[in-house]
Amino acid sequence: MNDHTRGRKEKRISAQKSIPYREMAKDGICRVRDGYYSKTIQFYDINYQLAQNEDKNAIFENWCDFLNYFDSTIHFQLSFINHHSSMKEYESIIRIQPQNDAFDDIRMEYAHMLRDQLAKGNNGLVRTKYITFGIAADNIQEAKPKLERIEADILNNFKMLGALAYPLNGEERLRILYETFNPDEKAPFRFSYDWMLQTGMRTKDFVAPTSFVFRSGKDFQMGNIIGAVSYLQILAPELTDKLLAEFLEMDQELIVNFHIQPLDQTQAIKLVKNKVTDIDRMKIEEQKKAVRSGYDMGATRSLITA
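Residues numbered from 1 in each chain as written. Predicted model: local features only at pLDDT ≥ 70, side-chain atom pairs only at ≥ 80, totals over all residues. Heavy atoms only, no water.

Taking 1.5 Å of rise per residue, the 28 residues of helix α11 (residues 265–292) would be expected to cover 40 Å, and the 41 Å separating its terminal C-alpha atoms lies within 8% of that figure. The first or second residue beyond α11 is Gly294, which carries a positive phi of 100°. (Helix = DSSP H or I, 4+ residues; strand = E, 2+ residues; numbered from the N terminus. Expected span 1.5 Å × (residues − 1).)

Spelled out as structure tokens, the structure:
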């Protein structure tokens, strides 16, 4: 075996080790790495697209307040996931049980309406939305009360927006990972923290695919599924509020993530000033190039003024 072959073999790691977290606790707190912990909240749609302009403005202002809640100590990510799911499993979620009271007729009518909506051609595509937030902490004892306080504030902000939201426990977070890493798997996710004690397995063993293959910076393979990752940097004078909706309306399995890191105000001002300085320097360099190429900058400015 030559050195090159040996080096390639040494770089091979298991699918489990490719998943970048350390531990997932029952209460949903994840130790992502030493000194960094996270939690996840699932939230649901509000009727923004159908709202009147005044209501849209109010929702937008509340959304701005929501984003401004996060300071530079909190990292957070918005995740929008379109994935195929078992209709039987989804029907069990929306099933409404009778309560043997005067409102059972209304419950049954509402349940029938939900089943009709489910059957109207989403091809088993389920759209879910999450916010994951994390903080730096020396240990779980320090991280837990901080994360719970942030969680309570986020849930209250979603309530102000009129959106339903609830925190995910460890099993629910692991289910998301399982469905993400195994989109072609027909068997439902099965897991119990008790099984870990009985089998000696770790949480990653329950969610990992058979293999990961990363041959390039964009394409990848999970088991038998081939996918691609794209990073979008959008430079535009304005962005429509329908941009995200148009992505998510595609009848395809996809994940859209917004990684957001709030900046300290002093640091943000310094960053903006540095960008302005860079732009001014680029403008001067371009003007020098134009002069060297024989352009009359004075005449050009006169034409622009006129």
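This next bit is on the packing of aromatic side chains. This structure, assessed with the given rule, holds 15 aromatic pairs. Judged by centre distance (5.2 Å) and plane angle (40°), the ring pair of Tyr178 and Phe189 falls under tilted. Taken together, the residues Tyr178 in helix α7 (residues 170–181) and Phe189 in the loop between α7 and α8 (193–199) connect sequence positions eleven residues apart. Like Phe189, Tyr178 is buried. Here the aromatic rings of Phe181 and Phe212 are separated by 5.5 Å at their centres, their planes lie at 90°, and the arrangement is edge-to-face. With Phe181 in helix α7 and Phe212 in strand β7 (residues 212–213), this residue pair connects regions lying 31 residues apart in the sequence. Exposure remark for Phe181: the relative accessible area of 13% places this residue in the buried category. What links up through ring pairs into an aromatic cluster is the set Phe43, Trp63, Phe66, Tyr69, Phe70, Phe76, Phe80, Phe158 and Phe258. Of note, Arg33 hangs over the ring of Tyr36, and the distance from its end group to the ring centre comes to 4.5 Å. Looking at Lys204, its charged tip hangs above the ring of Tyr21, at a distance of 5.2 Å from the centre. (Phe/Tyr/Trp six-rings, centres within 6.5 Å; stacked < 30°, edge-to-face > 60°. Buried < 20%, exposed > 50% of the residue type's maximum accessible area, 1.4 Å probe, protein only. Lys NZ or Arg CZ within 6 Å of the ring centre and 35° of its normal.)

This part covers unusual backbone geometry. Phi is positive for Asn100, which is not a glycine, with a value near 60°. Mapped onto the fold, Asn100 is located in the loop between α4 (87–94) and α5 (104–118).

The next point concerns the environment of Ile29. By the element assignment, Ile29 lies in the loop between β1 (23–24) and β2 (30–33). When the C-alpha positions of Ile29 and Leu147 are compared, they lie 8.3 Å apart, and in sequence the two are 118 residues distant. Those residues within four positions of Ile29 in sequence are excluded, and the remaining contacts are Glu23, Met24, Tyr37, Ser38, Lys39, Ile140, Lys144 and Leu147. (Contact = heavy atoms within 4.5 Å.)

This brings us to the pairing of strand β8 (residues 219–222). Residue alternation in β8 divides its side chains into a buried set, Phe220 and Met222, and an unburied set, Asp219 and Gln221. Sheet topology note: the β7/β8 ladder contains two bridges and is antiparallel. If you follow Phe212 over to β8, its bridge partner there is Met222. Where β7 folds back onto β8 in an antiparallel hairpin, the turn is made up of five residues. Where β8 meets strand β9 (residues 225–228), four bridges bridge the pair, whose relative direction is antiparallel. Bridge pairing links Met222 to Ile225 in β9. Counted between consecutive antiparallel strands, the loop separating β8 from β9 contains two residues, among which Gly223 sits at a positive phi close to 60°. (Pairing = 2+ DSSP bridges.)

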